[in-house]
Amino acid sequence: MNYQELYNQSIESPEKFWSDQAKEIDWFTNPKQSLTETDNCYPKWYEDGVLNICYLALDKHINNGFGEQVAMVYDSPVTQTVKKYTFNEVKSEVARLAGGLLSLGLKKETLPSSICQ
């Protein structure tokens, strides 16, 4: 399918199109609806869906066999330093940071739903 066909589908039937696109994402909790509206008629996409961005950014790629591929490149023109990090290395560094934050007493909090409205 080419760009124009995808574009036409998105214009002709946006809710179905984006519902189909959502199936291509690994959701933590799958959305039941792709499009809802707030009381003031503001559209909300995938309102009841939950994503885990850390999983999508790192773990998914590692699980798919790309752990040793470069995930990030640090390039400092100031220090003339270039360092490449694989997905596995980034995950290790993220785990170290998370452990440090936990040791300082950081805890997961759930935001009230009203904060997003």
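Keep in mind that this is a model prediction, so the values were computed, not measured.

Cut-offs and rules
- Each chain has its residues counted from 1, running along the sequence as written.
- pLDDT decides what is reported in this predicted model: residues at 70 or higher carry local features, side-chain atom pairs at 80 or more are listed and counted, and totals for whole chains, interfaces and linings draw on all residues regardless.
- Excluding hydrogens and water, the side-chain figures rest on all heavy atoms present in the structure.
- We define a salt bridge as a contact between a side-chain nitrogen of Lys or Arg and a carboxyl oxygen of Asp or Glu at a distance within 4 Å.
- Segments assigned H or I by DSSP are reported as helices when at least four residues long, segments assigned E as strands when at least two residues long, and all are numbered from the N terminus.
- Burial classes follow relative accessibility: with a 1.4 Å probe on protein chains only, a residue under 20% of its type's maximum area counts as buried, one over 50% as exposed, and anything between as partly exposed.
- Two N or O atoms count as a polar contact when they lie within 3.5 Å, although within protein this holds only if one can serve as hydrogen donor and the other as acceptor, and sequence-adjacent residues are included solely when both atoms are side-chain atoms.
- In short, DSSP must find at least two bridges between two strands for them to pair.

Draft legend 1. Seen up close, the pattern of salt bridges. Inspection of the entire model under this criterion finds six salt bridges. Residue Lys 16 is joined to Asp 20 by a salt bridge in which the shortest nitrogen-to-oxygen separation is 2.8 Å. In this pair, Lys 16 and Asp 20 both sit in helix 2 (residues 14-22), four residues apart, roughly one turn of the helix. Classification of Asp 20 as partly exposed rests on a relative accessible area of 28%. A salt bridge links Asp 59 to Lys 91, with the nearest nitrogen and oxygen atoms 2.8 Å apart. On the criterion of sequence distance, the pair formed by Asp 59 in helix 3 (residues 53-66) and Lys 91 in helix 4 (residues 87-103) is long-range, its members being 32 residues apart. Given a relative accessible area of 37%, Lys 91 falls into the partly exposed group.

Draft legend 2. Region of interest: the environment of Asn 52. By the element assignment, Asn 52 lies in the loop between strand 2 (43-45) and helix 3. A relative accessible area of 32% places Asn 52 in the partly exposed class. For Asn 52 and Trp 27, which are 25 residues apart along the polypeptide, the C-alpha to C-alpha distance reads 7.2 Å. At 3.1 Å, the side chain of Asn 52 forms a polar contact with the backbone nitrogen of Cys 54. Within the structure, the side chain of Asn 52 is placed 2.9 Å from the backbone nitrogen of Tyr 55, a separation counted as a polar contact.

Draft legend 3. A look at the side chain of Ser 76. Here Ser 76 is to be found in strand 3 (residues 70-76). Only 3.1 Å separates the side chain of Ser 76 from the side chain of Thr 79, close enough to count as a polar contact.

Draft legend 4. A look at the pairing of strand 4 (residues 81-86). Sheet analysis places strand 3 next to strand 4, joined by six bridges and oriented antiparallel. Bridge pairing in strand 4 places Tyr 74 opposite Lys 83. Linkage of strand 3 to strand 4, two consecutive antiparallel strands, is achieved through a turn of four residues, within which Gln 80 is found at a positive phi near 60°.

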